[in-house]
Amino acid sequence: MRIAIEGLGLVGGFGFGADALRNALKGNLPSPGTLRFPYGDDSIEAPAFMADTAPLDQFVTKRSLRRIDHFSRMALLGAYGALDDAGRLDSDPARLAVVVGSGYGASATTFAFLDSFIQDGDSCSSPTHFSNSVHNAAAAHISISLKATGPSLSVSQFEMSVPSALLCALQMLRENRADRVLLGGVDEACAVLGYCRQRFFGAPQGPFDPLDFGRQSAVAGEGAAFLLLSREGQGEARYGYLNDVQMGRIDQGGLRLPEKSALVLGADGHQGCGRLYQSLPIQGRAHVCHAQAYGSLPVGPAFDLAAAALSLKDDRLYPGTESLGDRSLCCLKLAEDGNFGLVSLSG
Amino acid sequence: MATVAKLKSILIEDMNLEDIAPEELNADTVLFGEGLGLDSLDAVELVVVIQKHFGVEIKDMEEGRPAFQTIGTLAAYIDEKTAA
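What you see is a predicted model; the values in this text were computed from it and never measured. (Residues numbered from 1 in each chain as written. Chains lettered and ligands numbered in written order. Predicted model: local features only at pLDDT ≥ 70, side-chain atom pairs only at ≥ 80, totals over all residues. Heavy atoms only, no water.)

Help me understand unusual backbone geometry, please; the structure alone is not making it clear to me.
If a residue is not glycine, its phi is most likely negative; likewise, a peptide bond is most likely trans. Residues and elements named next belong to chain A. For the bond from Tyr318 to Pro319, the omega torsion is 10°, close enough to zero to count as cis. Inspection of the secondary structure puts Pro319 in the loop between helix H10 (300–314) and strand E13 (328–334). The phi dihedral of Asn176 falls on the positive side, at around 60°, and the residue is not glycine. On the secondary structure map, Asn176 appears in the loop between helix H6 (161–174) and strand E7 (180–187). Its identity is not glycine, yet Asp315 carries a phi of approximately 50°, on the positive side. Along the polypeptide, Asp315 turns up in the loop between H10 and E13. With relative accessibility at 37%, the residue Asp315 sits in the partly exposed group. (Helix = DSSP H or I, 4+ residues; strand = E, 2+ residues; numbered from the N terminus. Buried < 20%, exposed > 50% of the residue type's maximum accessible area, 1.4 Å probe, protein only.)

Sorry if this is basic, but what is going on with helix H5 (residues 137–146) of chain A here?
Residue and element names in this part refer to chain A. With seven of its ten residues buried, H5 lies for the most part within the structure. Taken together, the buried positions of H5 are occupied by Ala137, Ala138, Ala139, His141, Ile142, Ser143 and Leu146. Looking at the buried side of H5, the elements it contacts are helix H2 (70–85), strand E5 (96–101), helix H4 (127–133), strand E6 (152–155), E7 and strand E9 (223–231). Two residues or fewer past H5, Lys147 is found with a positive phi of approximately 60°. (Contact = heavy atoms within 4.5 Å.)

Given below as structure tokens:
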């Protein structure tokens, strides 16, 4: 069974909405902002693609957001954006499921909660921080806000979070547990993440270029990318169809690229993963990479899915102008530990 | 008055009342229900916030309930406890 992509909800360093991402895919790349964090006795500023959730005002009142942290706000904005894009903001949410993938979860809130616990003791730890730090917080905020009573699930498998969440979403639709699924990926850039990136990778070596596989050039990103999915025939496939999702390990021979497809590679400027992409047999096959539009983050594959969906809708393999013709698209994410996620899409 | 002023800014900042300006609040502003619109989860947060910022522990909610009526009653409760 193919799965229709009805709508996209996107927020990241490129802005908000499908048009903002499309603009970045065309080559109008966003300039990174700044992530400031303490490092030893110094304060360091690193480039990072930061997301602005101000457009949430279009969908909910400020008062209703006051207990919702930045991480969940990005997810909420992605979810509302996808429904709005599909023209389904007023649809019955009774059989709407929510599946959220995240590599890091609500890291800023989680570390703020831990800091308050360590510095002031358990009696001074914020209950609101705690409630936002639980694993399913973002999905729960979405379900509550939309009054969606279908399954509400969070999946975390670092860089495989999105393919894994997508497998769950497809299964929910195939088992008729929901009529529609809001499937999204969300991750945030915070001071602790900035520290870790500096500690493990140092500053980016030269300009951010994810197709330069041998060089560490990753620039951190944050944001949310949501897709509104439904079974074929039950919704308008405005952005084409998801055909298949595969996960496995490269060293066990599981990765087989479909013959007639262009590739959207999930390379994001990390040298450790870059060497795996470098070893792929993709000579002569059209392949692109879009991380310069949204940055490096574990749920990058959600943005790649959105970019592929836009390519299908526009019949254009971004950033170029070449038609896709009868080719399908495959989004491929390779993780440094040898895992892969492969998602096949077609018009 | 100093406690009232501090409470106003703490309420707006720590309870994330982004839609309210400090000058809209005064000592007679009711905290819960139709006043500021705080609820039971806010009450728990408020207990934590008061301990953190003023060092005043509210262990008994029976004792805390009258204090949680308005910004003024809460400020008076804090002043009384910090003076003791």
